[in-house]
Amino acid sequence: MLLSLNWLREFVPYTGTAQELGDRLTMLGLELEEITRPFDAIADIVVGYVLERDQHPEADKLSVCKVDVGTEVLDIVCGAPNVAAGQKVPVAKVGVTMPSGLKIKKAKLRGQPSCGMICSESELGLSDESDGIMVLPADFTPGDRLVDVLNLDDTVLDISITPNRADCLSVLGLAREVALAFDLPLTLPELKLNEQGEDASGAMKIEIADGEQCPVYQGRVIDGISIGPSPMWMRNRLMSVGVRPISNIVDVTNYIMMELGQPLHAFDMDLLEGGRIVVEHAQEGQKVITLDEQERTLLASDLLIKDGSKAVALAGVMGGANTEINDASKRVFLECAVFKPATIRKTARRLALGSESSYRYERGVDQVLSTFAMNRAAQLMSELSGGALRPGVCRAEPKAWTAPELRFRPARAAALLGIPLEDDFCRVTLEKLGCTISVADTGDWKVIAPSHRHDFEREADLIEEVGRVYGMDNIPPVLPHVSKPLEQGKADSEYDFWMRVKAWGRGIGLNEAVNYSFVGHKDLDFLGLPAENRISIMNPLTSEQDVLRTELAPGLLNTLRHNLAQGRTGLQVFELAHIFEADATSDTTARESGRLGLLVYGLRHEDGWPRREEEAGYEDLKGIVEHLLRVLNLGSATFTLRNSHSWLLPCVEVRIGGTFVGVMGRVKPAIADAYHARKDVWMAELELDTLRAMNAQVELQFAALPVFPPVKRDITVMAPATMPVGAIVDHVQSINLKLFSDIVLVDVFEPETPEGGQPERNLTFRLTFRHAERTLKDKEVDKERDKVAKSLTEALGVRI
């Protein structure tokens, strides 16, 4: 919402700066976006007086003028046909930069010196086009700044209005907030209706089919109008708030909308047929041509304005081309109505016909104020067009405004806000907000909400307003009182568990990815994922986001493609998110499950020296998964090769104690290639809900930190290449060794296979031995190592 400071001061006597005003409104919940001065580009233009005007000796269409600009007399060559001696005109002196970027320089035109430029409205940016120079009122003083004499030295604040504050979409609405914030009086524009002629209350019969859709529809008649440009003050004011001037009649409707927040529409009354206005739903498939000359096909849910024979407007959205005000119009029927916000919102969104009017109707307008707004508009139309305002109002109001009666308890307000509040402060604040209060019970008030505050629906809304006016920044932060000790060993909530996993991911150096929940059917089809458990989006943002994801892989692969396009050579990311699957047994017909996605690609260390350039692979991915399970105290997992998977090859199942917790492996090369990957892509998807449930069952056992040093021995096992490393590790851990502590694979060597022989691997393991109460001797450790070697040889048939 653009707010002109000069316009605001016609409602409240605010004397502070624009920045102070913006800061205060921001603390009231109306955030200041920026402060602009829309006419700064012509700040250096001055008033000039044309002393002489002579014909240019070398050009028929040029004039040579002597112009008094207050401090000097300038010779200016002008090409406008309407320049004449005795005129007051805007002048750009040498050195001035025009809104178009043109810099005025001293020049010679056909041999005559020219030291400036006499300006037209279009050159000053005050209109789209003009036939000649701008002629100013005769009482202006040469040398004065144009922005001062035309009252253009204005400051405009761009205020962000939240959807619930429709009352602030006008100068009046923001003036109410300023009056509240600075304790200033609020003054409405004076209404002086000069009515002439016969009563016009029966000139149009108003028929409303559904009072819920249109609670009130009213209009006034102005006869004998003359269409022309609006006066300069109105055009300049509209331009300052971003509205393009059109004509005196149309400009008045826009002016009142920006001033009072009530959208209006002016019909050419001579083009309305049948002497009646009907407000009803359109017929399915009915067509109407709107003011933008576009034919619109309507639905039965759209609301129409009709005369006795045809549709004349799309209610609350746009007027019809067949009753538009034009240069030949002589009579106006001024429409002022209130429509159901949801209906206008659906129509405007579906037809992509958003406008300032529909923006206000979508959020709700003040039904009580609408009559005042209509009368003010009728007064201005009569004054600016020379028309006669007929007495009487054509009106139908099937559903009169009923103010809601709300409860307000000062004690409840103090408890909810956490601060002591005086009853007088609460009462004065609510009254300044426009509420009517009954305090028969000092502890339980009855509050009548004002008609312009549609967001007052319950007691909490009133309490919020009291807190807003008190100042949220004035409420001190206080830790809440804990009534009982925290429960020890309580399982993490889903949020807490996810935060732990996110902290783990960042802590081991992974980057977190956040992707949309929406993907495309084609993405899921490409990964070979089943279609029967998908949930399609009824109104997707794009065709690429028309279904809820059933796995995290599509989003992570798109993240990979985006990073590769930016020149990354390595990527290690994780994502925590929900997947969505159709579930007929659920009340919502959908089942959400938490997933952890991991992706490893390219160089293990992208920053190079002093690290070696090595490609990340399966070992990196498996190490990440094992590290997470250790952090969650879930013990060791088993990793089993799965026969088939839709998008992983090979695919490894991850299980803990027989419980499935996820899959991991290499993305199929054909799929990886489609995402521009030129190396192997390793991914894992783990079931977060399962991991959380298992983690909740873990009973932590605390032990003292070891005091005595460990002793380590390496052992190399020559085993068939088909033997899993896990088989060797599991066997060693199963041996009854009193001093054994840990086993880790530290090296793998694959020697050449002799012709006719079986391929083998040399697996080097590091065994750790420790005693809790003393330092070990070499003999003890060697004896333990020999037991391991003998057991492996006998049980697994390997060589040491």
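Quick caveat, the model's predicted, so the values are computed rather than measured.

(A) Summary view of the overall build of the protein chain. Per the secondary structure count, the protein chain includes 20 helices and 37 strands. Compactness check: the protein chain gives a C-alpha radius of gyration of 40 Å against a globular reference of 28 Å for 800 residues, more than 25% above the reference. In terms of overall dimensions, the protein chain has C-alpha extents of about 120 × 85 × 55 Å along its principal axes. Counting over 800 residues, the protein chain shows a buried share of 47%. Of the accessible surface of the protein chain, which amounts to about 40,300 Å², a share of 50% is contributed by carbon and sulfur atoms. Here the protein chain contributes 87 positive and 117 negative side-chain charges, whose respective centroids are spaced 5 Å apart.

(B) Spatial organisation of the sheet that holds strand 37 (residues 760-769). Strands sit in the order 35-37-36 across an open sheet of three strands; the sheet is antiparallel. Only two strands of the sheet have a single partner each, and these edge strands are strand 35 (711-720) and strand 36 (740-749). Each strand of the sheet is rotated relative to its neighbour by a mean of 25 degrees, with strand direction disregarded. Relative to strand 37, strand 35 runs antiparallel, the two sharing 10 bridges. What sits directly across from Val-711, in strand 37, is Phe-769. Sheet contacts for helix 19 (residues 725-734): strand 35, strand 36 and strand 37; angle to strand 37, the most-contacted strand, approximately 30 degrees. Of the strands in this sheet, strand 35, strand 36 and strand 37 touch helix 20 (residues 778-796), which is tilted by about 15 degrees from strand 35.

(C) Highlighting the packing of helix 7 (residues 341-351) against helix 8 (residues 356-363). As a packed pair, helix 7 and helix 8 sit with axes 7 Å apart at the nearest point and diverge in direction by 140 degrees. In this view, helix 7 runs oblique relative to helix 8, as classed from their interaxial angle. Of the two elements, helix 7 crosses helix 8, and the hand of that crossing is left-handed. Of helix 8, the residues touching helix 7 (which contributes Pro-341, Ile-344, Arg-345, Ala-348 and Arg-349) are Ser-358, Tyr-361, Glu-362 and Arg-363. Tallied by class, the residues present in the contact of helix 7 with helix 8 amount to four nonpolar, one polar and four charged.

(D) Quick peek at the state of the cysteines. Per the counting criterion, the structure on display carries zero disulfides. Of all cysteine sulfurs, the one in Cys-435 lies closest to Cys-426, which takes part in no disulfide; the gap is 12 Å. Under the relative-accessibility criterion, Cys-426 is labelled buried at 0%.

(E) Examining empty space enclosed by the protein more closely. Enumeration over the complete set of coordinates arrives at two cavities of 30 Å³ or more. The computed volume of the largest cavity comes to approximately 150 Å³. For the largest cavity, the lining is made up of 16 residues, of which Ala-166, Asp-167, Leu-260, Gly-261 and Asp-366 are closest to its centre. The residue inventory of the lining of the largest cavity, partitioned by class, reads six nonpolar, six polar and four charged. In this structure, the second largest cavity spans a volume of roughly 60 Å³.

(F) Fine view of a nonpolar patch on the surface. Residues Tyr-516, Phe-518 and Leu-541 make up a contiguous nonpolar surface patch of about 360 Å² in total accessible area. Structurally, Leu-541 can be placed in the loop between helix 14 (521-526) and strand 28 (547-548).

(G) Looking closely at the layout of surface pockets. Its volume calculated, the largest pocket comes out at about 1,700 Å³. Taken together, 36 residues line the largest pocket, and the ones lying closest to its centre are Lys-622, Glu-626, Phe-639, Val-725 and Gly-726. Elements with a contribution of two residues or more to the lining of the largest pocket: helix 16 (618-631), strand 31 (638-642), strand 32 (648-656), helix 19 and strand 36. Per-element accounting of the lining of the largest pocket gives the leading share, eight residues, to helix 16. Each residue belonging to the lining of the largest pocket can be placed in one class, and the counts come to 18 nonpolar, nine polar and nine charged. Estimated volume of the second largest pocket: approximately 870 Å³. Along the wall of the second largest pocket there are 31 residues; nearest its centre are Val-250, Asn-254, His-265, Leu-291 and Ser-357. For the lining of the second largest pocket, the residue count by class is 18 nonpolar, eight polar and five charged.

(H) Main features of the pattern of salt bridges. In this structure the tally under the stated criterion is 58 salt bridges. Close ionic contact of Arg-276 with Glu-207 constitutes a salt bridge, the shortest N to O distance being 3.0 Å. Of this pair, Arg-276 sits in strand 14 (residues 276-281) while Glu-207 sits in strand 11 (residues 205-208); the two residues are 69 residues apart in sequence, bridging distant segments of the chain. Measuring nitrogen to oxygen at the nearest pair gives 3.1 Å for the salt bridge that ties Arg-678 to Asp-673. A relative accessible area of 44% means that Asp-673 is categorised as partly exposed. A single salt-bridge network, built from bridges that share partners, covers Arg-165, Asp-167, Glu-177, Arg-453, Asp-455, Glu-465 and Arg-468.

(I) Broad picture of unusual backbone geometry. Between Leu-649 and Pro-650 the backbone carries a cis peptide bond, its omega angle lying at 0 degrees. Its location among the elements puts Pro-650 in strand 32. A positive phi angle is found at Asp-183, which is not glycine, with a value near 55 degrees. Tracing the backbone through its elements, the reader meets Asp-183 in the loop between helix 4 (171-182) and strand 11. Backbone geometry places Asn-633, a non-glycine residue, at a positive phi of 60 degrees.

Criteria and cut-off values
Each chain carries its own residue numbering, running from 1 in the written order of its sequence. In view of the model being predicted, local features appear only for residues whose pLDDT reaches at least 70, and side-chain atom pairs are presented and counted only at 80 or more, with totals across whole chains, interfaces and linings using the full set of residues. Based on all heavy atoms of the structure, the side-chain values leave hydrogens and waters out of the count. Numbering of helices and strands runs from the N terminus; a helix is a DSSP stretch of H or I covering at least four residues, while a strand is a stretch of E covering at least two. Atoms counted for the radius of gyration: C-alpha only. Globule rule: 2.2 Å times the number of residues to the power 0.38. A 1.4 Å probe rolled over the protein chains alone gives each residue an accessible area, and that area as a share of the maximum for its type sets the label: buried under 20%, exposed over 50%, partly exposed in between. Per-residue and other accessible areas follow the Shrake-Rupley method at a 1.4 Å probe size, with only the shown protein chains counted as cover for residues. Only four residue types enter the charge count, namely Lys and Arg as positive and Asp and Glu as negative; His and the chain termini do not. A single reference atom marks each charge: NZ on Lys, CZ on Arg, CG on Asp, CD on Glu. The rule for pairing is simple: two strands pair if DSSP sees at least two bridges between them. Geometry is summarised by axes, namely lines fitted to C-alpha atoms with helices restricted to the contacting stretch, and by angles between N-to-C directions that run from 0 to 180 degrees. Contacts are assigned to residue pairs with any non-hydrogen atoms lying within 4.5 Å of each other. In what follows, roughly perpendicular refers to angles from 65 to 115 degrees, roughly parallel to angles under 35, roughly antiparallel to angles over 145, and oblique to any angle outside these ranges. What makes a crossing left-handed is the near helix being turned counterclockwise from the far one by less than a right angle; a clockwise turn instead makes it right-handed. Residues were grouped as follows: Ala, Val, Leu, Ile, Met, Phe, Trp, Tyr, Cys and Pro as nonpolar; Asp, Glu, Lys and Arg as charged; and all remaining residues, including Gly, as polar. A pair of cysteine sulfur atoms is labelled a disulfide when the two atoms are within 2.5 Å. Computed over the protein atoms alone on a 1 Å grid, cavities are sets of points where a 1.4 Å probe fits but cannot get out and pockets are open sets with protein on both sides within 12 Å along at least five of seven lines; a residue lines them when it has an atom within 4 Å of a point. Grid points are joined across faces, edges and corners, and a volume is the space filled by probe spheres set on the points. Patch membership requires over 30% relative accessible area and the absence of a salt bridge. Like charges are linked within 9 Å, and nonpolar side chains (Val, Leu, Ile, Met, Phe, Trp, Tyr) within 5 Å. Each reported salt bridge corresponds to a side-chain nitrogen of Lys or Arg within 4 Å of a carboxyl oxygen of Asp or Glu.

Everything listed is a geometric property; what it means functionally is a separate question.
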